[in-house]
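# Structural description and commentary
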Amino acid sequence: MERNRYADLLRVVAIGGVVYGHWLLISVTYRDGRLSGVDALDYVAWGRWLTWLFQVMPLFFLVGGYVNARSWAAHHAVGQGWTVWVRDRAMRLWWPTAVFVVAAVLAVAVAEAAGVSRAEIAEVGWLVALQLWFLPVYLLLIALTPVLLAAHRRWGLAVPAVMAAAAALVDAGVAGPHLHVIGYANYLLVWGCIHQWGFAWQDRTLTSPWWRPFALAAGGAALLAGLLVPGWFMVDMVGSGNTNPPSIALLAYAAVQAGLVLAAESAASRLLARPGLWQRVRRLNAAVMTVYLWHFVPVIVIAVAFFPTGVLPQPAVGTAQWWELRPAWLALLTVVLVPLVMVVMRAEGPMLRLPAGLGPSGPWSPVLLVLGLAASMAGLARLAIAGFAPDGHLPVLVLAACATGLAATLFTGRAPAAGAESRALRPQQPQQRPKAA
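Residues numbered from 1 in each chain as written. Predicted model: local features only at pLDDT ≥ 70, side-chain atom pairs only at ≥ 80, totals over all residues. Heavy atoms only, no water.

## Some thoughts on the packing of helix H1 (residues 5-25) against helix H12 (residues 265-272)
Closest axis-to-axis distance for the H1/H12 pair is 9 Å, and the angle between their directions is 95 degrees. Of the possible angle classes, the one that applies to H1 and H12 is roughly perpendicular. Residues Arg5, Tyr6 and Leu9 of H1 form the contact with H12, whose participating residues are Glu265, Ala268, Ser269 and Leu272. Residue classes in the contact of H1 with H12 are distributed as four nonpolar, one polar and two charged. (Axes fitted to C-alpha atoms, helices over the stretch in contact; angles between N-to-C directions. Helix = DSSP H or I, 4+ residues; strand = E, 2+ residues; numbered from the N terminus. Parallel < 35°, antiparallel > 145°, perpendicular 65-115°, else oblique. Contact = heavy atoms within 4.5 Å. Nonpolar A, V, L, I, M, F, W, Y, C, P; charged D, E, K, R; others polar.)

## Focus: H12
Within H12 the residues assigned to the buried category are Glu265, Ala268 and Leu272. With its buried residues spanning 70 degrees around the axis, H12 presents them on a single face. Among the exposed residues of H12, those pointing more than 90 degrees away from its buried face are Ser266 and Arg270. The secondary structure elements touched by the buried residues of H12 are H1, helix H8 (186-202), helix H11 (248-263) and helix H13 (275-286). (Buried < 20%, exposed > 50% of the residue type's maximum accessible area, 1.4 Å probe, protein only. Arc of directions from axis to C-beta.)

## Focus: the packing of helix H3 (residues 57-77) against H8
In contact at an axis separation of 7 Å, H3 and H8 are set at 50 degrees when each is read in the N-to-C sense. If you check the angle between H3 and H8, you find them oblique. The crossing of H3 and H8 is right-handed. Together, Met57, Pro58, Phe61, Leu62, Val63, Gly64, Gly65, Tyr66, Asn68, Ala69 and Arg70 of H3 and Trp191, Ile194, His195, Trp197, Gly198, Phe199, Trp201 and Gln202 of H8 make up the contact between the two elements. Of the residues contributing to the contact of H3 with H8, the split by class is twelve nonpolar, six polar and one charged. (Left-handed = near helix turned anticlockwise from the far one by under 90°.)

## Quick notes on the pairing of strand S1 (residues 26-31)
Two elements, S1 and strand S2 (residues 34-39), share six bridges in a ladder whose sense is antiparallel. Residue pairing across strands places Ser27 opposite Val38, the latter belonging to S2. In this structure, the hairpin formed by S1 and S2 is closed by a connection of two residues, where Asp32 is found at a positive phi of approximately 55 degrees. (Pairing = 2+ DSSP bridges.)

In structure tokens form, the structure reads like this:
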């Protein structure tokens, strides 16, 4: 399948927004011999509006819907079933994640042996695990893609419209009767709605005629204003206000963002036709997952190296001196991140070349995959909530759930023989009739 260069560019832009947004908002502190940190949004009230620039996770789900729709349609057309397709896509996420989780576990074990305080280990373990929330949500959407895509082909844009209405009802249930537990349904409804927009982008339902992206953006802007002006939802689009769980306000913001980026597709695609620019985007896109997983690690490295020694000052958050130091802070983190990503990608290489599946396949394979996905989502979600070292110790049961999920997903059956799938994806040539004797 020919790659959509614009989709790859959106991934690169999104990861840049995630990384620099997180780095900008983290302010490290060192007091009484203990490293810690604060969220700058708690001290810079107007900074909540800046989160509109850095909340780019909707782009990941928009692109994910586009790519998943293309991939499932192509593989299903040549007879590949749900189990193999979901397993292969899940393992493409799991191998880089496994490298990251193993490294984090080893780091916690070393820190404990070195006598680092439990409070510091717990805080750092929580920080570096925050971004793992994305994986269980995305794994769920991968597993549901065949069903959701079938619904899209039958009912079109009515599907995300219904999901948006359901998300609004969930928010009403949380705000009114205080049924907070139902709020977690919005992880599927809000991010799933954006994923459905990706389906509509892929088949041009959302981009043809030309005015539809503008209509999506305008509708989202009107809804967002109607939700924020009365004070029903917080302004910030990063943090617990609108993202944990995701709210209808975040979905309205995502509609504006998605509409604008889809409206810019034609112009951006013309630029990406330039070979030099496309090669740079392609190289950066290959590192997106690694950058996403590891981008908090440079924060720890710089904090340990420069704050206890007093090399970096600690001005009050939000002051002029604090803002003046932000460019140097971001530059230092970038200098650490680039070689770190290069080393990690080299370590990931052998794992990415492993078979997508092992063991015999049979009627049990779908059941095993469902169990593997469930264990994976539960373990990764718990890590994202509590970190790698709640109370300063490794969460053995949570890590066991992650390992079980990985193993169960992997052992759903052997992958196709080398080259078999690529041959299957080629258009079939019509058979020639035998020549008459």
